[in-house]
Amino acid sequence: PTPPSTVKAESNGSERPPAEPGSVSDSAPEPGSSVSSSVNGEKTGRRVRRRVSYADSVQSTGSSTQNTKSTSRGGSSRRSSSMSMGGIWGDFTRRSSVWEMDSLASLDDEMDRFSCKECCVERLESAGRWLRSTLATAFSKPSIFIPSLLLFIVLVVCGLLIVYGFDNATAESRKQTAISVAEQTDLFFVRVLENAFLPLFTMSMFIQELPEFHDLDLMVGDRCNPASDPLNCTESTSAPPLAGKETTHRDLAGLFNTTEGRIIQRKFDTIASSIKENSGLGKALVNIQLAPKGVVSMLYPMVNCEDFVGNPRVEEGYCMNNTGAWGHDLLNDPKRVGIARATVPAKGVVTAGPLNLIQGGDTFIARLPINMDPDEGHIMVVDNVTYPCWGFVVVLLDWSTLKEQSNIYKEFENEKMQFKLTRTDMINGEEVVKSIAESENSEICASGNVTLDLDTGDNGWVISVCFNDGFSPNYKVWAYPIVFIGSFIFMILLMLVLVSKTQLESILLRLMPPRAIKKLRRGETIVEKYDMVTIFFSDIVGYTKMSSEMTPQEVMKMLNDLYSKFDIEAAKHGIFKVETIGDAYIAVAGCPKKCSGPEAAQRMALFALDAMKIVKDYQTDDGANVCIRAGLASGPCVAGVIGTALPKYTLFGDTVNFAARMEQTSQKKKIQISPSTQRMLLDAPAYDFECVERRDDSGELGVELKGKGRQYTYWVESATKMSTSPKTDEIAAEKAKMVDILEQPEENV
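Reference entry: report on the structure contained in this document. All values derive from a computational prediction rather than experimental measurement.

Definitions and limits used
Residues numbered from 1 in each chain as written. Predicted model: local features only at pLDDT ≥ 70, side-chain atom pairs only at ≥ 80, totals over all residues. Heavy atoms only, no water. Pairing = 2+ DSSP bridges. Helix = DSSP H or I, 4+ residues; strand = E, 2+ residues; numbered from the N terminus. Axes fitted to C-alpha atoms, helices over the stretch in contact; angles between N-to-C directions. Contact = heavy atoms within 4.5 Å. Disulfide = S-S within 2.5 Å. Expected span 1.5 Å × (residues − 1). Buried < 20%, exposed > 50% of the residue type's maximum accessible area, 1.4 Å probe, protein only. Phe/Tyr/Trp six-rings, centres within 6.5 Å; stacked < 30°, edge-to-face > 60°. Patch = residues over 30% accessible without salt bridge, like charges linked within 9 Å, V, L, I, M, F, W, Y side chains within 5 Å. Areas by Shrake-Rupley, 256 points an atom, 1.4 Å probe, with all protein chains shown as cover. Salt bridge = Lys/Arg side-chain N within 4 Å of Asp/Glu carboxyl O. Lys, Arg positive; Asp, Glu negative; His and termini not counted. Charge placed at Lys NZ, Arg CZ, Asp CG, Glu CD. Core = buried A, V, L, I, M, F, W, Y, C linked by side-chain atoms within 4.5 Å.

The five strands are arranged E8-E7-E15-E12-E11 in an open sheet whose pairing can be described as antiparallel. A strand with exactly one partner marks an edge of an open sheet, and here the two such strands are strand E8 (298–300) and strand E11 (350–356). Averaged over all adjacent pairs, the angle separating strand axes in this sheet is 20°, with direction ignored. Of the pairings in the sheet, the one linking strand E12 (residues 362–371) to strand E15 (residues 389–398) comprises nine bridges and is antiparallel in character. The partner of Phe364 across the bridge, within E15, is Leu397. Sheet strands in contact with helix H12 (residues 399–406) are E11, E12 and E15, and its direction is about 55° off that of E15.

If you want it as structure tokens, here you go:
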């Protein structure tokens, strides 16, 4: 369509003449219409594309009235040129980067186009970038790393103490359980021995009361060997030594193979049978013996098979044959003399064993001395000491049956414990420890066990008890690693929270000053007044045309590259970046961190000069240049945050509008400043600025501004650092003046 006769400029609404034939027009064709251009006076129905630099396509006229800005800030759409500019800006961002996209599709749409492998690689790279950023933040901030490390140490120490406490409590509880089980075992054997005392005392009463047994010790008599002592033993009535076993046995056949002897034997069998049946010991009581003068003379039963039927601890068909024990002289058998001699002077029951007896099997022995009137000849001599003793009663308890009755194996197995029961014998004056009962894996009780002395045998019974897995609980193996891993996880979580908080605060501090953030948190209205600030506006020359040939992603990438460099310079000069709107870059000095007017103007002017240098040295991959124009204005302003949604720190006041007019009427590669800024730069504390008055083509000073009329403005050309500041010179001059006054004669003063 034919362009209208006049077109209003987008920057300030002023009218501009229609485009000349063949020139580049800023107006875009209506959708669906054809575009024609005049080439050599003829119209063609195709586009004519020219590869030119947009920065050079905008000609400087030298007059502010001819330098109108044709851009629209705030992200509004721009009219594209009817002439395509070619591949400069299109190729500007055609390289592999996060900005390379073929359409306006969202990131999720883009990811749908990737293969699974590419998607995974992208996710891993993204995770790696996040991890590097997080670690860099964490280790660069002592306020993050130190609290996280302290939390880790505290959690580890507390966790270890808790595990240690539970370990000790569990170990102590297990020890108490072991002691309790051992005590129950001890009580069982004590009860068995107490039950064994009844047969002993009962038989003792029969011996003392029945005349058949009363003189049995006198019939056996003291040991006398005619072979070794023929003079004294020729007429002795004592039972002689047994041939072939002279040392350990006596021959009792002459006493009990008689009618009287058989009557006494039957009497004993009847009594012993009744005592055994009513003892309450069951099959554990396997034999009752009488040993007058320490010689085993009567035994019941002589052969015992009944008590061993079904005993899993002995071989099937086993019988206890006591015939070999008949006539056993306990006081003269070297293997039994110690126990026998200890029984004679005893005041009560003497226990021993379990011992491997002549008749076979491990047997627990209990003996009770029978004391009678020595005047009737009832005496026994032990170690040359005479005792009023008839002899003693003996009961034999089968050890394997006792262990079965005690249920000791099942008890410890149910508790998942091991045990070892030992006795201590004195052999040749030395203590010899022997095991009398133990569980299958009792060797693990060699260390770290609980031991208990049992109140049973006179030869020191000791039971050692331990758990299969020890007293310390098994969870210690994995509890300590869990403490470290858990502490590390909590440390990482705290670190992530602190890193996120720090990064969020860092982002907020980039958006607005700390005072504004504090007020926002308190829900207060943010309004701050500044008496003198300097505001900077800039935009890219020819931005409308270049953006029409680029995708939004490409435009954003270009602006990000350029303005990221501006941000670095802003931080270097201590100025505050307010925002970017489209291609416009807005910054302020003297706000929010207050400073003097000259210092603010100096900072901003230096920043503007450095920004021009950055743009001058900045080139695309194709070698194309980018140009900007800038404007500065100084004066009062108000800063604050408007509304509650998407809060943004913004500047308000005429100074803002003035700075925008300075930029709109500026020229390519130039910095235009207001008269107030020029006056501030004259008093700059550390730099001399070269400011040139602006004149139009006719030589007239200033530029015409909408709403303000003609203003006398200046171009900032360069800055030179002063050797000494004016303030220093002023102080030096005052000092020199004072010295001159002091050196004058008194009358002159």
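From this point, the narrative continues.
Further remarks concern the state of the cysteines. One pass over the full model with this rule turns up one disulfide. Summary of cysteine pairing: Cys116 is not part of a disulfide, and the nearest cysteine sulfur, belonging to Cys120, is at 4.2 Å.

Further remarks concern helix H4 (residues 116–140). Working note: α-helix, 3.6 residues per turn, so residues spaced by three or four point in the same direction. In a regular helix each residue adds 1.5 Å, so 25 residues correspond to 36 Å; H4 covers 36 Å between its end C-alpha atoms and thus fits that length. For H4, the set of buried residues is Thr134, Thr137 and Ala138. Among the structural elements, helix H5 (142–209) and helix H14 (476–511) are those in contact with the buried residues of H4.

If you walk through the whole model with that rule in mind, you get 17 aromatic pairs. Where Phe308 meets Tyr318, the ring centres are 4.9 Å apart and the plane angle is 85°; that geometry is what we call edge-to-face. Taken together, the residues span a long stretch of sequence, with Phe308 in the loop between strand E9 (303–304) and strand E10 (320–321) and Tyr318 in the loop between E9 and E10 at a distance of 10 residues. For Phe308, a relative accessible area of 4% translates into the label buried.

Next up on the list: a negative patch on the surface. Residues Asp215, Asp373, Asp375 and Glu376 make up a contiguous surface patch of negative charge. Its location among the elements puts Asp215 in the loop between helix H6 (211–214) and helix H7 (216–220).

So, on to the pattern of salt bridges. The full count for this structure, using the stated rule, is 22 salt bridges. For Asp383, the salt bridge is made with Arg341, and the minimal N-O distance between the two is 3.2 Å. On the criterion of sequence distance, the pair formed by Asp383 in the loop between strand E13 (380–382) and strand E14 (385–387) and Arg341 in helix H11 (residues 337–343) is long-range, its members being 42 residues apart. Under the relative-accessibility criterion, Asp383 is labelled exposed at 54%.

Take unusual backbone geometry next. Cis peptide bonds are those with omega within 30 degrees of zero, and the linkage from Tyr300 to Pro301 qualifies with -10°. One can find Pro301 in the loop between E8 and E9. Put simply, Cys591 and Pro592 share a cis peptide bond, and its omega is 0°. Considering the arrangement of structural elements, one finds Pro592 in the loop between strand E22 (584–589) and helix H18 (597–617). Although it is not a glycine, Asp383 sits at a positive phi angle of roughly 55°.

Quick look at the pairing of strand E29 (residues 714–721) now. Relative to E29, strand E25 (residues 671–673) runs antiparallel, the two being bridged by two bridges. What sits directly across from Gln672, in E29, is Trp715.

Turning to the nonpolar core, a few remarks are in order. One finds Met203, Phe213, Leu290 and Leu421 to be the most contacted residues of the largest nonpolar core, which totals 60 residues. Per-element accounting of this core gives the leading share, 12 residues, to H5. Residues contacting Met203, with those up to four places away along its chain left out, are Phe268, Ile271, Ala272, Ile275, Ile288, Leu290 and Val393. One finds Leu562, Ala570, Ile614 and Ile628 within the second-largest nonpolar core, a separate group that totals 42 residues.

Summarising the sheet, strand E5 (residues 241–242) and strand E6 (residues 245–250) pair through two bridges and their orientation is antiparallel. Residue pairing for E6: Leu242 is matched across the bridge by Lys245. Once E5 ends, the chain turns through two residues before running back antiparallel as E6, passing Gly244 with a positive phi of about 90°.

Geometric descriptors of this kind do not, in isolation, establish any biological role.
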